[in-house]
Amino acid sequence: MGETTWKPATASADPEQACPIAPVVDIVFSRWTTPILWTLNEHGRQRFVELQRRITTITPKVLTQRLRQLERDGLVVRTYHPEVPPRVEYEISDLGRSLAPLFAHLAEWAAANLGTVERARHDYDHASAPRS
């Protein structure tokens, strides 16, 4: 992976816009977005109930809300089939699929570093001096 250059925010920058990736983090890493996109990328086109079975801890209400937001953001495509009974399918869009390299890098980082994070948490939680 190449070097990443971080540009400091200017003094007049809006604090909410100081980090250039903040909007991406808000879109991609909001709760449930990552598991939904990951599932659609891994398993292809899915009906609502199939997504719900694969992401067992999400409620139907939240899944509906997240799918609507992902469709609005252009990351998921919803296809309505006018048959009896009606059928709706969801799939990751090309824009959503373009996030695959980002997810791959994060998976690599997780594999390489989560053990270190867990050890740091353990050391912090078991330090003898109280923290203020």
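Residues numbered from 1 in each chain as written. Predicted model: local features only at pLDDT ≥ 70, side-chain atom pairs only at ≥ 80, totals over all residues. Heavy atoms only, no water.

## Points about helix α4 (residues 60–72)
The terminal C-alpha atoms of α4 lie 18 Å apart, and with 13 residues this matches the ideal 18 Å at 1.5 Å per residue to within 8%. Here α4 has its buried residues at Leu63, Arg66, Leu67 and Leu70. Along α4, the residues classed as buried sweep out an arc of 100° about the axis, all on the same side. The outward face of α4, more than 90 degrees from its buried face, is lined by the exposed residues Lys61, Arg68 and Arg72. A positive phi of about 85° marks Gly74, the residue just after α4. (Helix = DSSP H or I, 4+ residues; strand = E, 2+ residues; numbered from the N terminus. Expected span 1.5 Å × (residues − 1). Buried < 20%, exposed > 50% of the residue type's maximum accessible area, 1.4 Å probe, protein only. Arc of directions from axis to C-beta.)

## What to know about the pairing of strand β3 (residues 87–92)
The buried count for β3 comes to 5 of 6 residues, which makes it a mostly enclosed element. Summarising the sheet, strand β1 (residues 46–47) and β3 pair through 2 bridges and their orientation is antiparallel. Looking at β3, one finds that Gln46 is bridged to Tyr90. Here strand β2 (residues 76–81) hands over to β3 after 5 residues, the two strands then running antiparallel side by side. (Pairing = 2+ DSSP bridges.)

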